[in-house]
Amino acid sequence: MYTQFVDAPDGNPAPDIASAEQVRFDDKIDRGITIEANDWMPDAYRKTLLRQISQHAHSEIVGMLPEGNWISRAPSLERKLILMAKVQDEAGHGLYLYSAAETLGTSRDEMVDALLSGRAKYSSIFNYPTLTWADVGTIGWLVDGAAIINQIPLTRCSYGPYARAMVRVCKEESFHQRQGFEIVSTLAKGTPEQRALAQDALDRWWWPSVMMFGPPDSQSQHNETSMRWKIKLFSNDELRQKFVDQTVPQADAIGLTIPDPELRFDEATGHYAFGTPNWDEFFEVVRGNGPCNRDRMRARRAAHDEGAWVREAAAAHARKRAARAAAAAEDAA
Ligand code: FAQ
């Protein structure tokens, strides 16, 4: 059923002469059997996965920067510890995801090079500044909240290594979302100034979070293919709607106002109707012209250069261990 579709992008064999491998692959996708690293897969499927998983990994790594910026300024020792743990979790997510992407035959060095040279994308959301402590809470609440909605379906996606990496990531994102909501609700219950900080952060982060799910379905290049291959189980607009439906009652519960005059509950559909995001802004950010794109890339390149000695030391240590193990094996023989 997918043969014609999967063959088209790369000009592979036409459906009537589809290979036995192609037929087996289509059948597995149809029956919901996961595809594993050593299984045959069409080139276009491999490329799409590599693109999505590596972009996802880059997002986790670049995503450490906006919150990392607040570790030294968190308002208490406890808040610092929690924030440090959260930022470290994001690094871990990046590493699982780079490992999952490596199973598709590209090295982590190649992926990192694509990011640092500006060829690879990462999520638009991390190109906005964290101006106040309330922004840190709002990122946990909205951005990790959006990430969970997007990523829970990925635990059931068709590629085994990606699906399995997502299980732990989602558990950790769930803790992140709660810590963010707790920060924002504490501020919302605080002094008028604290409440104003929380509302201001919501005002600035709401629309970028709504746009995180990607362009509208009508402009999404990959929705259709990725959904047929069961890489994406829901479209961008479907996930966006889930996010709005889930988040509006949370804002109501802590007395904050979503900055959207068109937002209303539609009894007929059982969903919230909402306004149109500024898609021109989204595409500008994706093209590299958001408020912080240049800063983020500068910071990543500096971190990569400054970390060169750590990578060299780790590689030298690995070589020593391998040599010791080889010598021990020779002695034992
Ligand atoms: N930003 O055809 P579609 C997190 C690009 S992790 C930048 O709809 P697709 C954890 C897209 O790549 C956040 N670019 O694309 C955390 C494509 O360009 P290409 C990241 C975007 O892939 C929390 C073009 O537009 N999550 O938050 C964006 O089918 C707190 C056309 O779009 C993931 O990556 C965007 N927002 O759907 C960390 C989840 N949206 O590649 C730290 C996995 C679209 O052809 C702190 N990814 N584009 O040049 C996905 O689910 C999908 O890739 C979508 C996009 C839904 C993001």
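In the block above lies the structure referred to throughout.
The structure contained in this document is the topic of the report that follows.

Looking now at the packing of aromatic side chains. Per the counting criterion, the structure on display carries 11 aromatic pairs. Of the aromatic side chains, those joined through ring pairs into one cluster are Phe25, Trp40, Tyr45 and Trp229. In this structure, arginine 73 is placed above the aromatic ring of tryptophan 70, and the distance from its NZ or CZ to the ring centre is 4.0 Å.

Another point: a nonpolar patch on the surface. Taken together, Leu77, Leu81 and Met84 make up a surface patch of nonpolar side chains, about 300 Å² in accessible area. A residue is classified by how much of its surface remains accessible, and methionine 84, at 36% relative accessible area, is partly exposed.

Attention now goes to the site of the ligand. Around the ligand, a shell composed of 34 residues is seen, among which Gln55, Lys121, His222, Lys232 and Asn236 lie nearest. With respect to the ligand, the side chain of arginine 51 contributes an N or O atom lying 2.9 Å from an oxygen atom. Within the contact set of the ligand, a nitrogen atom lies 3.0 Å away from a backbone nitrogen or oxygen of methionine 212. Coverage of the ligand by the protein chains reaches 92% of its 1,100 Å² of free accessible surface.

Moving on to helix α7 (residues 133-151). In this model, α7 (19 residues) spans 26 Å end to end at C-alpha, consistent with the 27 Å of a helix rising 1.5 Å per residue. The principal kink in α7, of about 30 degrees, is found at isoleucine 139. Burial analysis of α7 places 18 of its 19 residues in the buried class, which makes it a mostly covered element.

Take the side chain of aspartate 144 next. Within the fold, aspartate 144 resides in helix α7. At a separation of 2.9 Å, a polar atom in the side chain of aspartate 144 contacts the side chain of lysine 86. In this structure, aspartate 144 is in contact with Lys86, Glu90, Ile139, Glu173, His176 and Gln177, ignoring residues within four places of it in sequence.

Pairs of packed helices are described in terms of their axes, by the angle between the two and the distance that separates them. Two elements in contact, helix α6 (residues 108-116) and helix α13 (residues 293-306), have axes whose closest approach is 10 Å; the angle formed by their N-to-C orientations is 140 degrees. Here α13 runs oblique to α6, going by the angle between their axes. Contact with α6, carried on its side by Val112, Leu115 and Leu116, involves Met297, Arg300, Arg301 and His304 of α13 and no other residues of that element. Residue composition of the contact of α6 with α13, grouped by class: four nonpolar, one polar and two charged.

Time to look at unusual backbone geometry. Most peptide bonds are trans, and most residues other than glycine sit at a negative phi. We note that lysine 230 has phi near 60 degrees; this positive angle belongs to a residue other than glycine. Following the sequence through the fold, lysine 230 ends up in the loop between α10 (223-228) and α11 (236-253). Look at lysine 230 and you get partly exposed, because its relative accessible area is 25%.

Per the stated rule, a full pass over the model turns up 15 salt bridges. Between glutamate 172 and arginine 168 there is a salt bridge, with its nearest N and O atoms 3.1 Å apart. Of this pair, glutamate 172 and arginine 168 both sit in helix α8 (residues 160-188), separated by four residues, roughly a single helical turn. Linking arginine 240 and aspartate 237 is a salt bridge whose minimum nitrogen-to-oxygen distance equals 2.7 Å.

Turning our eyes to something else, we now look at the layout of surface pockets. Of the pockets and cavities examined, the largest pocket occupies roughly 1,100 Å³. Lining the largest pocket are 45 residues, with Gln55, Ser123, Met212, Phe213 and Gly214 sitting closest to its centre. Listing elements by their share of the lining of the largest pocket, those giving two or more residues are α3 (43-62), α5 (77-102), α7, α8, α11 and α12 (279-289). The element best represented in the lining of the largest pocket is α7, accounting for seven residues. For the lining of the largest pocket, the residue count by class is 19 nonpolar, 16 polar and 10 charged. Taken as a whole, the second largest pocket encloses approximately 500 Å³ of empty space. Those elements that place two or more of their residues in the lining of the second largest pocket are α4 (64-68), α5, α6 and α13. With five residues, the single largest contributor to the lining of the second largest pocket is α6. Looking at the lining of the second largest pocket residue by residue, the classes come out as 12 nonpolar, two polar and four charged.

Further remarks concern α6. Among the residues of α6, those classed as buried are Met111, Val112, Ala114, Leu115 and Leu116. Elements in contact with the buried residues of α6: α3, α5 and α13. Glycine 118 sits one or two positions beyond α6 and adopts a positive phi of about 85 degrees.

Remark: α3 packs on α8, axes separated minimally by 13 Å, with the N-to-C direction vectors making an angle of 25 degrees. Looking at the two axes, α3 sits roughly parallel to α8. With respect to the hand of their crossing, α3 and α8 are arranged in left-handed fashion. Between α3 and α8, the residues in contact are Leu49, Gln52, Ile53, His56 and Glu60 and Tyr162, Met166, Val169 and Glu173, respectively.

Conventions used here
- Residues numbered from 1 in each chain as written.
- Predicted model: local features only at pLDDT ≥ 70, side-chain atom pairs only at ≥ 80, totals over all residues.
- Heavy atoms only, no water.
- Phe/Tyr/Trp six-rings, centres within 6.5 Å; stacked < 30°, edge-to-face > 60°.
- Lys NZ or Arg CZ within 6 Å of the ring centre and 35° of its normal.
- Patch = residues over 30% accessible without salt bridge, like charges linked within 9 Å, V, L, I, M, F, W, Y side chains within 5 Å.
- Areas by Shrake-Rupley, 256 points an atom, 1.4 Å probe, with all protein chains shown as cover.
- Salt bridge = Lys/Arg side-chain N within 4 Å of Asp/Glu carboxyl O.
- Buried < 20%, exposed > 50% of the residue type's maximum accessible area, 1.4 Å probe, protein only.
- Near = heavy atom within 4 Å.
- Polar contact = N/O pair within 3.5 Å; in protein donor to acceptor, adjacent residues only side chain to side chain.
- Helix = DSSP H or I, 4+ residues; strand = E, 2+ residues; numbered from the N terminus.
- Expected span 1.5 Å × (residues − 1).
- Bend = angle between axes of the 7 residues up to and from the residue.
- Contact = heavy atoms within 4.5 Å.
- Axes fitted to C-alpha atoms, helices over the stretch in contact; angles between N-to-C directions.
- Parallel < 35°, antiparallel > 145°, perpendicular 65-115°, else oblique.
- Nonpolar A, V, L, I, M, F, W, Y, C, P; charged D, E, K, R; others polar.
- 1 Å grid on protein atoms, 1.4 Å probe; cavity = no way out; pocket = protein on both sides within 12 Å on 5 of 7 lines; lining within 4 Å.
- Points joined across faces, edges and corners; volume = space filled by probe spheres on them.
- Left-handed = near helix turned anticlockwise from the far one by under 90°.

Any functional reading would require information that these geometric values do not contain.
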